[in-house]
Amino acid sequence: AYETETIRAFLDGHFADMLASVVSHPVMLLYLDNVQSIGPNSQVGRRRGVGLNENLAREVLELHTLGVAGGYGQEDVQSLAKILTGWTVGDERLRRLRVEPGVFAFVPAMHEPGAFSLLGKEYSAHGVEQGRRALRDLSRHPSTALHLATKLVRHFVADDPPQKAIDQLARVFAETDGHLPSVHKALVTLPEAWRGHARKLKTPHEYLVSAVRGLDLPLRGRTEFYLGPLGIMNHTPFSAPSPAGWPDTQAHWGSPNALKQRIEWGIAVGRRLGNVRDVRDAVEWVVSPDESARLLASIRRAASPTQGLSLLLASPDFQWR
């Protein structure tokens, strides 16, 4: 629900709107403990003797906008944490305020009163709008453009993202006020995105999904082929080791043991499904004939469909996007 409601729903719009949706979503507010963040000088804070939780503010600055080297300091983290107090999720305690359980709510009695300085700009006290204005400005900051451009180029082009490509995407982001379709168009038209040497190693999830989709494997509804192997490959969905998510480089996913587990999965699937999915005549759909002539020849000479499918799924060629 979180991905559908906060990411996919805003892919055809501006990053500022996506950011506001992400930060105010109940999943994010609960995951990063903002429901526990209460202004020390708010009505609730003074009555209960509770205070700030900086988790959400820190991750918004470090991960979602400026980046770790984006020019913010601890005082900015604290200011943003104060600005975001009162952003919470409806529960039984808030029923008396007629807040629906499980949805975003802004509770003035939990909000730290006053104006706060964030990255040198003053944000006066206007309830929930104080936080929305701060997030809008963060989304338009030059460091945000550079940080997001770097992540996109690293994910879609190369582990070591070319600076020229990063600068091009950051420029488009800034010129279009973070219009995501414009940024994505610039990304897919980068010359660097289509050079063979700049390929990316599939994550375990990408590896399994590309096998099922590319080869139309009859595995729908058979979770033992997915969740178990993904757990063994340390890529169980929604279990990233930190708020930063999963690493996006070959150095993390390409260890000898990790590749051994992929090969074993490919062999197991080949043994189970080789009799119903013969890939020997259709392998060009998922492996480049220009780069994999030896693999194609081996698969076509396979003694059986089972062997052919196992060879393809376990091959080095199939591990790359």
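Residues numbered from 1 in each chain as written. Predicted model: local features only at pLDDT ≥ 70, side-chain atom pairs only at ≥ 80, totals over all residues. Heavy atoms only, no water.

**Describing helix α7 (residues 128-139)**
Our working definition: Helix and strand definitions follow DSSP, with helices as H or I runs of at least four residues and strands as E runs of at least two, each counted in order from the N terminus. Helix span is expected to be 1.5 Å times the residue number reduced by one. Remark: exposure states derive from per-residue accessible area (1.4 Å probe, protein chains only) relative to the maximum for the residue type, with buried under 20%, exposed over 50%, and partly exposed in between. Taken from the helix axis, the directions to the C-beta atoms give the arc we talk about.
For α7, spanning 12 residues, the distance from its first C-alpha to its last is 17 Å, which sits close to the expected 16 Å at 1.5 Å a residue. When we look at burial in α7, the residues that qualify are V128, Q130, G131, A134, L135, L138 and S139. Take α7 and look down its axis: the buried residues cluster within an arc of 165°, on one side only.

**Regarding the packing of helix α2 (residues 15-24) against helix α5 (residues 55-64)**
Defined as follows: Each axis is a line fitted through C-alpha atoms, and for a helix only the stretch in contact is used; angles between axes span 0 to 180 degrees, taken between their N-to-C directions. Between 65 and 115 degrees an angle is taken as roughly perpendicular, under 35 as roughly parallel, over 145 as roughly antiparallel, and anywhere else as oblique. The hand of a helix crossing depends on one turn: near helix anticlockwise from the far one by less than a right angle means left-handed, and clockwise means right-handed. By the convention used here, residues are in contact when the closest approach between their heavy atoms is within 4.5 Å. Gly is put with the polar residues, along with every residue not named as nonpolar or charged; the nonpolar set is Ala, Val, Leu, Ile, Met, Phe, Trp, Tyr, Cys and Pro, and the charged set is Asp, Glu, Lys and Arg.
Here α2 crosses α5 at 150°, and the two axes come no closer than 12 Å. As far as their axial angle goes, α5 and α2 are roughly antiparallel. Between α2 and α5 lies a crossing whose hand is right-handed. Between α2 and α5, the contacting residues are F15, L19, V22 and V23 on the first element and L56, V60 and H64 on the second. Within the contact of α2 with α5, the residues separate by chemical class into six nonpolar, one polar and no charged.

**Points about unusual backbone geometry**
One non-glycine residue, L119, adopts positive backbone phi at about 55°. Its identity is not glycine, yet D177 carries a phi of approximately 60°, on the positive side. Counting through the fold element by element, D177 comes out in the loop between α9 (163-175) and α10 (180-188). With a relative accessible area of 35%, D177 lands in the partly exposed category.

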